[in-house]
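Now for the letters of each chain:
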Amino acid sequence: MYFLLKELYFPPVEKADRHGLLAIGGDLSPERLMLAYRSGIFPWFQEGEPILWWAPPKRMVLFFDELKVSKSMRLLLQKNPFTITFNQAFEQVIHHCRHIVRKGETETWITPEMVEAYRELHRLGHARSVEVWQDGELVGGLYGIDLGTIFCGESMFSLVPNASKAAFIFLARKLQADGYRLLDAQLHNPHLASLGCREIPRTQFMDLIRTPR
């Protein structure tokens, strides 16, 4: 494991341990965060822990032609129950992602320090959000980091059924239309798998993230 100091540096992702933990320490400055994402690395730690940096051996991604929209979801979207916007309520989205209660989790990794860091990335144009509205109320959404060819999803939330799925589907279709290469979902979970995400080896992910547009 590498211990980061003030120098703006990350070791090669191949140096990560078998779980994907690469480095510890450093800071959440915009410069370090963007270097991390462009290098295939992301921060993930609990409140009270030091900053932990990860490059897992398998990466959960969505190739846009593999997006899965179930029949029931297609029928729901045809009814237009939601209004979906892009990058209009970032602070509200990250607030809900931080405070939403998730099954099997007792605390959030979206610490106050993380919130401030991603608010600054949003101000600089690197962090973006998708919002799902119903009857004028924000009921779902997601946010992540925009690398220009790859969108790195960070977190999503739903206050009503299917709102986060609608946000994800909207984003995937928008990114595909805009010529993006893929959506990085970082780590496996069944919800993402149901939408068409799958794991690829870190070596393949790094080839994709390093390939010029």
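Residues numbered from 1 in each chain as written. Predicted model: local features only at pLDDT ≥ 70, side-chain atom pairs only at ≥ 80, totals over all residues. Heavy atoms only, no water.

Engineer: Can you explain the overall build of the chain? Please cite residues and give values.
Structural biologist: A count of helices and strands for the chain gives seven helices and 11 strands. Against the 2.2 N^0.38 benchmark of 17 Å for 213 residues, the chain shows a C-alpha radius of gyration of 17 Å, consistent with a compact globule. Seen along its three principal axes, the alpha-carbon backbone of the chain occupies a region of about 50 × 35 × 35 Å. Across the 213 residues that make up the chain, the buried fraction comes to 47%. Taking the contacts inside the chain whose residues are at least 6 apart along the sequence as the reference set, 71% of them involve residues at least 24 apart. By element, 52% of the accessible surface of the chain is carried by carbon and sulfur atoms, the whole surface being about 10,800 Å². (Helix = DSSP H or I, 4+ residues; strand = E, 2+ residues; numbered from the N terminus. Rg over C-alpha atoms; globule rule 2.2 N^0.38 Å. Buried < 20%, exposed > 50% of the residue type's maximum accessible area, 1.4 Å probe, protein only. Contact = heavy atoms within 4.5 Å. Areas by Shrake-Rupley, 256 points an atom, 1.4 Å probe, with all protein chains shown as cover.)

Engineer: Lay out the nonpolar core with the relevant residues and their values.
Structural biologist: Among the nonpolar cores identified, the biggest contains 49 residues, and L28, L33, I41, W53, Y118, Y143 and I145 are the most heavily contacted of them. Counting residues per element, this core draws most heavily on helix α4 (residues 112–123), which supplies five residues. In terms of nonpolar packing, the next biggest core, distinct from the first, is built from 27 residues, V69, L142, M156 and L183 among them. (Core = buried A, V, L, I, M, F, W, Y, C linked by side-chain atoms within 4.5 Å.)

Engineer: Report on helix α5 (residues 163–177), specifying residues and quantitative values.
Structural biologist: Look at α5: 21 Å from first C-alpha to last across 15 residues, which is about the 21 Å you get at 1.5 Å a residue. Within α5, burial applies to A163, S164, A166, A167, F168, I169, L171, A172 and L175. One or two positions beyond α5, positive phi appears at G179, with a value near 85 degrees. (Expected span 1.5 Å × (residues − 1).)

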